[in-house]
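Examining the three-dimensional arrangement
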Amino acid sequence: MFLGIDTSLGTAVALVDADGFVVAEASSDDPLGHAEVIGDLLASVTSGRRITHVVSGMGPGPFTGLRVGIAAARAFALGRGIPVVPVPSHDAVALQVLLADAVESRETPRFAVVTDARRREFAYSVYEGLDDDGLPVRAGGPLLSPRDETDARLAESGAFRVDAATVPAALLATAAARAVAAGRTLAGAEPLYLRSPDVTMPRGPKRVTA
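Residues numbered from 1 in each chain as written. Predicted model: local features only at pLDDT ≥ 70, side-chain atom pairs only at ≥ 80, totals over all residues. Heavy atoms only, no water.

One open sheet accounts for five strands, arranged β3-β2-β1-β4-β5; its pairing is mixed. Each end of this open sheet is capped by a strand with a single partner; those strands are β3 (22–28) and β5 (84–87). Across this sheet, the average inter-strand angle for adjacent strands is 15 degrees, counted without regard to direction. Pairing analysis gives four bridges linking strand β1 (residues 2–6) to strand β4 (residues 53–57), with the strands arranged parallel. Bridge pairing in β4 links G4 to V55. Its contacts with the sheet place helix α2 (residues 63–80) against β1, β4 and β5, and it is angled at close to 170 degrees to β4. (Pairing = 2+ DSSP bridges. Helix = DSSP H or I, 4+ residues; strand = E, 2+ residues; numbered from the N terminus. Axes fitted to C-alpha atoms, helices over the stretch in contact; angles between N-to-C directions. Contact = heavy atoms within 4.5 Å.)

Quick look at the structure:
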């Protein structure tokens, strides 16, 4: 069983089996209240179930929100002695798009997953179909772009735009299950913040003079 956790946009958790069957899922669209809701969401999805892997959405996303989900994933995994599988959050959206087209027997052209990065910027990743392991092929990104330049940049890369307001935790977990089965790593341990946090540690006490 793979437990997916993502807080790059709202807060989403889901439990899927190795074949991608969704056992349970819960979410909140609030882009700011991650810490307030994640405990209840996890309890509703995981109660009484045996979990073998925890899947952490690694962004891109804002520093504060993203670290809540990553910390929750690591704490949950540590408490149960199971591995954490990091997955780029955009991969989950891309897999959702590609699987929906596959069900309808549609060919998916090159596309970009676009999410709100705040500060008048978008984050985007470009994809080109599924590989032999059933995973999205990332052709570029994730990258940051000013809002008024994003469409032009996507046009240059030949990708149509897919805006995402949420990240499906079930597809995040499904991507992880496929990666584990194929012996692949989709992301590193470091979050994809794309920019420095808004708040930084002070450099030291200021000198006080008379």
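All right, on to α2 then. Relative to the 26 Å expected for 18 residues at 1.5 Å per residue, α2 spans 26 Å between its end C-alpha atoms, a close match to the ideal helical length. For α2, the full list of buried residues reads G65, L66, G69, I70, A72, A73, F76 and A77. For α2, the angular spread of the buried residues around the axis is 155 degrees, confining them to a single face. Exposed residues on α2 whose side chains face more than 90 degrees from its buried face are T64, A75, L78 and G79. Taken together, the buried residues of α2 touch β1, α1 (34–46), β4 and β5. Directly after α2, the chain includes G81, whose backbone phi takes a positive value near 70 degrees. (Expected span 1.5 Å × (residues − 1). Buried < 20%, exposed > 50% of the residue type's maximum accessible area, 1.4 Å probe, protein only. Arc of directions from axis to C-beta.)

So, on to helix α3 (residues 89–103). Residues separated by three or four positions in an α-helix point in the same direction, a consequence of the helix having 3.6 residues per turn. Taking 1.5 Å per residue as the helical rise, α3 with its 15 residues ought to reach 21 Å, and the 22 Å between its terminal C-alpha atoms agrees with that figure. Those residues of α3 not exposed but buried are S89, H90, D91, A92, V93, A94, L95, V97, L98 and D101. Phi for S105, located one or two positions after α3, is positive at around 55 degrees.

If you trace the backbone, A187 turns up in the segment after α5 (169–182). Of the residues examined, A187 reaches a relative accessible area of 14% and is grouped as buried. In sequence terms A187 and G59 are 128 residues apart; their C-alpha atoms lie 9.9 Å from each other. Beyond its immediate stretch of four places on either side in the chain, A187 contacts M58, P86, V87 and P88.

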